[in-house]
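Structural features, examined
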Amino acid sequence: MEKVQKDRKVFDVRRDVKVLLLFLAALGIFCGAGWIFLVKGIYLLPEKMCEGTLERDMVKRVLPQARSANSGFSTRGAGHNLTFSCYATTSNDSSLSGEARAQPTSRDKWLKYYRGAGSQRKIIRVSVGDVEALALTGSSATSSVYIPCAPPAVPSHNASQPYAVIGEARVYGQAKASGVSLRQDLTDFAYQLAEHAYKLAKCKPSRDFPEELPRYEDD
């Protein structure tokens, strides 16, 4: 009788251990599923957004994880009045956005605008041919691209002014990336927007765009 009772106790202990292990496994699966639910937002965005100018992988690199996310784009005007905009926002109030517009401006005016009168902010520049990009360092997470453009039907009062497509991209709120990685992604985004707007505006001359701009050097 005593041996039977001991065997029963051993069986009860083994059963309790098995139940505990099953409970812990189930708890792990539940917590994992809960974590995925809480941060799945960016992962559910389309692989390519805004007519191909923004990729989900870039949003994942730039913005922190979030419960939900959405994206959208718009095209306003045409030719010399065209503006193409794109954004991706998350439930934690972080966003990646940008636009490209055809406008009368010279390269010098473009640079002067970003340098800012009396500003101490530093800009980093890269270029290929007559396509140039810049990124602001410090707290201003912004990049811009300049592509000379001659849009059709330019008004006569602006006929003598140089035209260009200016692309700009920036982050509002908290960013996941920083430093050269963030500057590169923002510049690549601004470049994709500017290239797309150049084609939408039917700019002249037609050109073969480089697959990517020169890379920034590490900090």
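Here is what the cut-offs are and how they apply
Residues numbered from 1 in each chain as written. Predicted model: local features only at pLDDT ≥ 70, side-chain atom pairs only at ≥ 80, totals over all residues. Heavy atoms only, no water. Helix = DSSP H or I, 4+ residues; strand = E, 2+ residues; numbered from the N terminus. Buried < 20%, exposed > 50% of the residue type's maximum accessible area, 1.4 Å probe, protein only. Contact = heavy atoms within 4.5 Å. Disulfide = S-S within 2.5 Å. Salt bridge = Lys/Arg side-chain N within 4 Å of Asp/Glu carboxyl O. Phe/Tyr/Trp six-rings, centres within 6.5 Å; stacked < 30°, edge-to-face > 60°. Lys NZ or Arg CZ within 6 Å of the ring centre and 35° of its normal. Pairing = 2+ DSSP bridges. Axes fitted to C-alpha atoms, helices over the stretch in contact; angles between N-to-C directions.

Along its length, the chain carries four helices and nine strands. Beginning at the N terminus, the succession of helices and strands in the chain can be written as α-β-β-α-β-β-β-α-β-β-β-β-α. The buried share among the 219 residues of the chain stands at 40%. By sequence separation, contacts in the chain at least 24 residues apart represent 60% of the contacts at least 6 residues apart.

Following the criterion strictly, the structure yields two disulfides and no others. Disulfide pairing is shown between Cys50 and Cys86; the S-S distance is 2.1 Å. Residues Cys50 and Cys86 are joined through a disulfide that is right-handed, its torsion about the S-S bond being 75°. Here the residue Cys50 occupies a position in the loop between strand E1 (48-49) and strand E2 (54-55), and Cys86 occupies one in strand E4 (residues 83-90), the gap between them amounting to 36 residues. Side by side, Cys50 and Cys86 carry an identical accessibility label, which is buried.

Turning our eyes to something else, we now look at the pattern of salt bridges. Across all of its chains, the model carries 11 salt bridges by this definition. Between Asp57 and Lys60 there is a salt bridge, with the nearest N and O atoms lying 3.7 Å from each other. In this pair, Asp57 and Lys60 are both assigned in helix H2 (residues 56-62), three residues apart and thus about one turn of the helix distant. Using a relative accessible area of 41% as the deciding quantity, one classes Asp57 as partly exposed. On the basis of relative accessibility, which here comes to 26%, the residue Lys60 falls in the partly exposed class.

This paragraph deals with unusual backbone geometry. Residue Pro205 is reached from Lys204 by a cis peptide bond, and omega for that bond is -5°. Located in the positive-phi region is Cys50, a residue other than glycine, with phi close to 55°. Judged by relative accessible area, which is 4%, Cys50 ranks as buried. In this structure, Glu51 is a non-glycine residue whose phi angle is positive, near 55°.

Using the criterion set out here, one finds six aromatic pairs in the structure. A centroid spacing of 4.9 Å and a plane angle of 85° characterise the contact between Tyr113 and Tyr114, whose relative ring orientation is edge-to-face. On the basis of relative accessibility, which here comes to 4%, the residue Tyr114 falls in the buried class. Seen in terms of ring centroids, Tyr198 and Phe209 are 5.3 Å apart; in terms of plane orientation they differ by 85°. Their pairing is edge-to-face. Here Phe209 lies in the segment after helix H4 (179-200) and Tyr198 lies in helix H4, a separation of 11 residues in the sequence. Comparing Tyr198 with Phe209, the two get one shared label, buried. Taken together, the ring pairs connect Trp110, Tyr113, Tyr114 and Tyr146 into an aromatic cluster. Between Arg207 and the ring centre of Phe209, over which it is positioned, the NZ or CZ distance is 5.9 Å.

Our next topic: the sheet that holds strand E9 (residues 163-172). Spatially, seven strands are ordered E3-E4-E5-E9-E8-E7-E6 in an open sheet, and the strand pairing comes out antiparallel. The open sheet has two edge strands, strand E3 (69-76) and strand E6 (123-128), and neither has a second partner. Each neighbouring strand pair of the sheet contributes to a mean axis angle of 15°, computed without reference to strand direction. Sheet analysis places E6 next to strand E7 (residues 131-136), joined by six bridges and oriented antiparallel. Within E7, the residue paired with Arg125 across the bridge is Leu134. Strands in contact with helix H3 (residues 107-115) are E6, E7, strand E8 (142-148) and E9; relative to E7, the strand with the most contacts, it is inclined by about 5°.

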